[in-house]
Amino acid sequence: MEKTVPIRSICVYCGSQPGRDPAYIAAGRALGKSIAAHGLRLIYGGGTKGIMGAVAAGVLSNGGQVTGIIPEFLVDMEATRHSLGQLNELIITKDMHERKHKMFERSDAFVTLPGGIGTLEEIVEIMTWGQLGRHEKPMVFANIGGFWDPMLSLVNHMRGEGFIHRAHLVQPLVIAEVDDIVPAILERDEITASSRGEEAVISKL
């Protein structure tokens, strides 16, 4: 089990494409701005295009810190080498597997904006690790315009059919308003820290 630490960094999963609704790019920029405003570091997949680029730009343009983690083969596909030079920290990995592990290790919470199959795969893996008791880091679906409703319906269906046996370990926050996301993560972290403190006191009695 990963030890719970104060929230210092937030991992954002999202599309390397902009999507059809301009609200997705706007949400990416707004989330980046909020991460910077709260003094947190963005950990993300290193892409400088689409929603990924919008989140990073939102952080950087508001004085925040950004760590991009990208496999070598995606550098020219999801980014430009010039724009990658603007990140505070760039980690180039040999493959997707290494990239995902480094993103997990560096992050204290996870937020999923709209995206495609790769985005879905990333947050599902984090939920799986939570279900297996590997971490207790906050997970958030940024449900912009109801984008994640079909996914959330599927998860509820799985739960109802008895396939999510440790459902208490898989309770992502679902938040529609971007400006509410970082405060909700920080509030959840405070509640978790407080409950751990109470457990520690009780264990000594």
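Residues numbered from 1 in each chain as written. Predicted model: local features only at pLDDT ≥ 70, side-chain atom pairs only at ≥ 80, totals over all residues. Heavy atoms only, no water.

*Asks:* Whenever I open this one, the sheet that holds strand β1 (residues 9-13) confuses me. Can you help?
*Replies:* Hydrogen bonds between backbone atoms are what pair the strands of a sheet, whose relative direction is either parallel or antiparallel. One open sheet accounts for seven strands, arranged β4-β3-β2-β1-β5-β6-β7; its pairing is parallel. Pairing within the sheet leaves two strands with one partner each, and these edge strands are β4 (89-93) and β7 (173-175). Recorded for the sheet is a direction-independent mean angle of 20 degrees between the axes of neighbouring strands. Where strand β3 (residues 65-71) lies against β4, five bridges are found, and the strand directions are parallel. Bridging across to β4, Ile 70 finds its partner in Ile 92. Helix-sheet contacts for helix α1 (residues 22-37) involve β1, β2 (41-44) and β5 (110-112), and the interaxial angle to β1 is about 170 degrees. Where helix α5 (residues 96-106) meets the sheet, it contacts β1, β2, β3, β4 and β5, and its direction lies at approximately 155 degrees from that of β3. (Pairing = 2+ DSSP bridges. Helix = DSSP H or I, 4+ residues; strand = E, 2+ residues; numbered from the N terminus. Axes fitted to C-alpha atoms, helices over the stretch in contact; angles between N-to-C directions. Contact = heavy atoms within 4.5 Å.)

*Asks:* What is the right way to read the pattern of salt bridges from this model?
*Replies:* One side chain can pair with another of opposite charge once the charged atoms of both are near each other. Inspection of the entire model under this criterion finds six salt bridges. For Glu 89, the salt bridge goes to Arg 41, with nearest N and O atoms at 3.8 Å. Highlighted residues: Glu 89 in strand β4 and Arg 41 in strand β2, separated in sequence by 48 residues. In this structure Arg 41 comes out as partly exposed when scored by relative accessible area, which is 25%. The salt bridge partner of Glu 98 is Lys 94, with a shortest N-O separation of 3.5 Å. Through salt bridges with shared partners, a single ionic network connects Arg 41, Glu 89 and Arg 106. (Salt bridge = Lys/Arg side-chain N within 4 Å of Asp/Glu carboxyl O. Buried < 20%, exposed > 50% of the residue type's maximum accessible area, 1.4 Å probe, protein only.)

*Asks:* Please clarify how helix α2 (residues 50-60) should be interpreted in this entry.
*Replies:* Because an α-helix completes one turn every 3.6 residues, residues spaced three or four positions apart along the sequence face the same direction. With nine of its eleven residues buried, α2 lies for the most part within the structure. Those residues of α2 that sit buried are Gly 50, Ile 51, Met 52, Gly 53, Ala 54, Val 55, Ala 56, Gly 58 and Val 59.

*Asks:* I keep staring at the packing of α5 against helix α6 (residues 117-131) and nothing clicks. Help me out?
*Replies:* The description of two helices packed together rests on the angle between their axes and the distance between the axes. The geometry of α5 relative to α6 is characterised by a closest axis approach of 12 Å and an angle of 60 degrees between their N-to-C directions. Classified by the angle between their axes, α5 and α6 sit oblique to one another. In this structure, α5 meets α6 at a crossing whose hand is right-handed. Residues Arg 99, Lys 100, His 101, Met 103 and Phe 104 of α5 form the contact with α6, whose own contacting residues are Glu 121, Glu 122, Glu 125, Ile 126 and Trp 129. Within the contact of α5 with α6, the residues separate by chemical class into four nonpolar, one polar and five charged. (Parallel < 35°, antiparallel > 145°, perpendicular 65-115°, else oblique. Left-handed = near helix turned anticlockwise from the far one by under 90°. Nonpolar A, V, L, I, M, F, W, Y, C, P; charged D, E, K, R; others polar.)

*Asks:* For this particular structure, what's the right way to read the state of the cysteines?
*Replies:* Two cysteines whose sulfur atoms are joined by a covalent bond form what is called a disulfide. Overall, the coordinates contain zero disulfides when judged by the stated rule. For the unlinked cysteine Cys 11, the closest cysteine sulfur is that of Cys 14, found at 9.1 Å. On the accessibility criterion, Cys 14 (5% relative accessible area) is buried. (Disulfide = S-S within 2.5 Å.)

*Asks:* Would you mind going over the environment of Arg 166 with me for this structure?
*Replies:* By secondary structure assignment, the location of Arg 166 is in the loop between α7 (149-160) and β7. Residue classification places Arg 166 among the partly exposed positions, given a relative accessible area of 38%. Considering only alpha carbons, one finds Arg 166 and Leu 132, 34 residues apart in sequence, at a separation of 8.1 Å. Not counting residues within four places of it along the chain, the set of residues in contact with Arg 166 comprises Gln 131, Leu 132 and Gly 133. There is a polar contact of 3.0 Å between the side chain of Arg 166 and the backbone oxygen of Gln 131. (Polar contact = N/O pair within 3.5 Å; in protein donor to acceptor, adjacent residues only side chain to side chain.)

*Asks:* For this particular structure, what's the right way to read α1?
*Replies:* Here α1 contains 16 residues, and its C-alpha end-to-end distance of 23 Å stays within 8% of the 22 Å for a straight helix at 1.5 Å per residue. Here α1 has its buried residues at Tyr 24, Ile 25, Ala 27, Gly 28, Leu 31, Gly 32, Ser 34, Ile 35 and Ala 36. For α1, the side-chain oxygen to backbone nitrogen distance between the N-cap and Ala 23 is 2.9 Å, and the N-cap itself is Asp 21. Two residues or fewer past α1, Gly 39 is found with a positive phi of approximately 70 degrees. (Expected span 1.5 Å × (residues − 1).)

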